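Reading the structure
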Amino acid sequence: MFVTALAANLLAAVRDPRRLAAAPAVSEGRLVSVHEAGLSVTDAPLFPLEAALAALGGEARWPEPTRRLAKLALDLELLSPLPGQVGRLIGPLRRSVRLEIVDYPGEWLLDLPLLALSFEDWSARELARARTVPRARYAEAWLALLAGLDVQAPAEEGAMRRLADAYAAYLRRCRDEGALADLSPGRFLNPDSWEGMAFLLFCPLALPPAASPKAGSVWERMRAHWDEYRRRTRAEFLAPHLARFDAQVVLVDLFRALASGAASFADTQAALAAIAAALRPEPGLLSRLGLERAPPRPVFCATKADYVPASQRGQLAALLRHLVGGEGAVVPLAAVACTRDITLTDDRGRVQDAVEGIVEGGGREAFWFAGGVPAETPEQAWFDRRYDVPRFLPPTPGPDGGLRHVNLDRALTAALPGVLG
Ligand SMILES: Nc1nc2c(ncn2[C@@H]2O[C@H](COP(=O)(O)OP(=O)(O)O)[C@@H](O)[C@H]2O)c(=O)[nH]1
Ligand SMILES: [Mg+2]
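**Structural notes on the nonpolar core**
Counting 89 residues, the largest nonpolar core has Leu10, Leu74, Leu76, Tyr104, Leu112, Leu320 and Phe369 as the members making the most contacts within it. Among the elements that line this core, the one with the most residues is helix H1 (residues 2-13), at 8 residues. Among the nonpolar cores identified, the runner-up in size contains 37 residues, and Tyr138, Met160, Tyr170 and Phe199 belong to it.

Encoded structure:
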């Protein structure tokens, strides 16, 4: 949705700068033209912009969520004013910028911290937490398979597949039933082009009881697969994509974590800490991996900011800052604003800021967090109150193709100060 809204509003902003008013290049009239550009035949799959816009414009359906890596290219023409006397004499320079936007499943960000982990250390960490609440409940079938496994036995394809499948099923349950987020490897949840690859046959394993693993054993083979997974992550995700980015936007849904209980929130917190550490420009993990250039300062966005009224978006940003630490920019963001701010008054005359939008079926629904969004990790008791977060329908694009948003222009300017600033 972010990529779709970004493209739709950049295209619309050429005619109507109010679409992205907080981006100085737009508000000052320096964005002259925007066109979608083609990709070369060897490039990544094309981002399905047309399908996404058709979904929004037709019956106001949400576009498909990201399941694979895809790329969108936009050609921008901008004016750069020259300073001083010269500038007044010859006027601004025209420059062309090609903006390439790479959309990929967010789960893959958690593969970055794995690049610095051994199979032994990752296994120990994952086995330990799979035995604690709430994960243990989802891990039963996988742990039962492990209990009957001799890791020194000769590796056999069928047995390895059953173990890897059970581990992947555990990760999916953690994500879908537990709303947990600190789940690895990311490709087990979203394999994209790696679907069915033999090196995905591994899972966390306890160390063999004897000091050294036997050649050809399950343990040895799974560790080899782990090494191959990390090699491919470097070769096919890090090197061609992440390491070449000039900007990295990380979208974080804090409402899902807040509404799903303390365990879900703690897990999201752990995942974000690991991602923020990996993306930290200096001396973060990526820079230590010997990339040719330092990674860009990330822009962390608290998404779906249209779930809270304007008066609470500062709190939302504060909560995200609390979770990611000091590095990078933090922006409360709604790629598409589905709600309007309202004020509710209860029978005792108490006033509450809330939002209201249209939900599936056409009904109008209000939403608010009692007491507001917490600015730090809430106490356990805060989670006792359960929130049913409605799923609002997206607004249809305007006649100019633009979409109502919250802070999309601020997020873009923070990500690309040299282009839109
Ligand atoms: N209210 C609101 N909902 C959003 C917004 N962006 C995304 N969503 C909801 O979140 C879902 C997933 O968004 P999407 O961008 O597809 O996320 P992905 O799964 O990470 O690719 C959408 O189908 C919407 O229901 C937003 O700005 N406001
Ligand atoms: Mg997405």
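**Some details on the site of ligand 1**
Taken together, the neighbourhood of ligand 1 is formed by Met1, Trp62, Pro65, Thr66, Lys304, Asp306, Tyr307, Ala334, Ala335, Val336, Cys338 and Arg391. Between ligand 1 and Arg391, the relevant distance is 3.1 Å, taken from an oxygen atom to a side-chain nitrogen or oxygen of the residue. About the coverage of ligand 1: the protein hides 74% of its 570 Å² of free accessible area. In terms of residue class, the shell around ligand 1 is made up of 8 nonpolar, 1 polar and 3 charged.

**Here's the deal with the sheet that holds strand S5 (residues 299-302)**
In space, the 3 strands of this open sheet follow the order S4-S5-S6, with parallel pairing throughout. The open sheet terminates on both sides in strands that have one partner only, identified here as strand S4 (249-252) and strand S6 (329-332). Across the sheet, the axes of successive neighbouring strands diverge by a mean angle of 25°, strand direction being ignored. Across 4 bridges, the pairing between S4 and S5 is parallel. Among the inter-strand pairings, Val249 is bridged to a residue of S5, identified as Val299.

Conventions used here
Residues numbered from 1 in each chain as written. Chains lettered and ligands numbered in written order. Predicted model: local features only at pLDDT ≥ 70, side-chain atom pairs only at ≥ 80, totals over all residues. Heavy atoms only, no water. Core = buried A, V, L, I, M, F, W, Y, C linked by side-chain atoms within 4.5 Å. Buried < 20%, exposed > 50% of the residue type's maximum accessible area, 1.4 Å probe, protein only. Helix = DSSP H or I, 4+ residues; strand = E, 2+ residues; numbered from the N terminus. Near = heavy atom within 4 Å. Polar contact = N/O pair within 3.5 Å; in protein donor to acceptor, adjacent residues only side chain to side chain. Areas by Shrake-Rupley, 256 points an atom, 1.4 Å probe, with all protein chains shown as cover. Nonpolar A, V, L, I, M, F, W, Y, C, P; charged D, E, K, R; others polar. Pairing = 2+ DSSP bridges. Axes fitted to C-alpha atoms, helices over the stretch in contact; angles between N-to-C directions.

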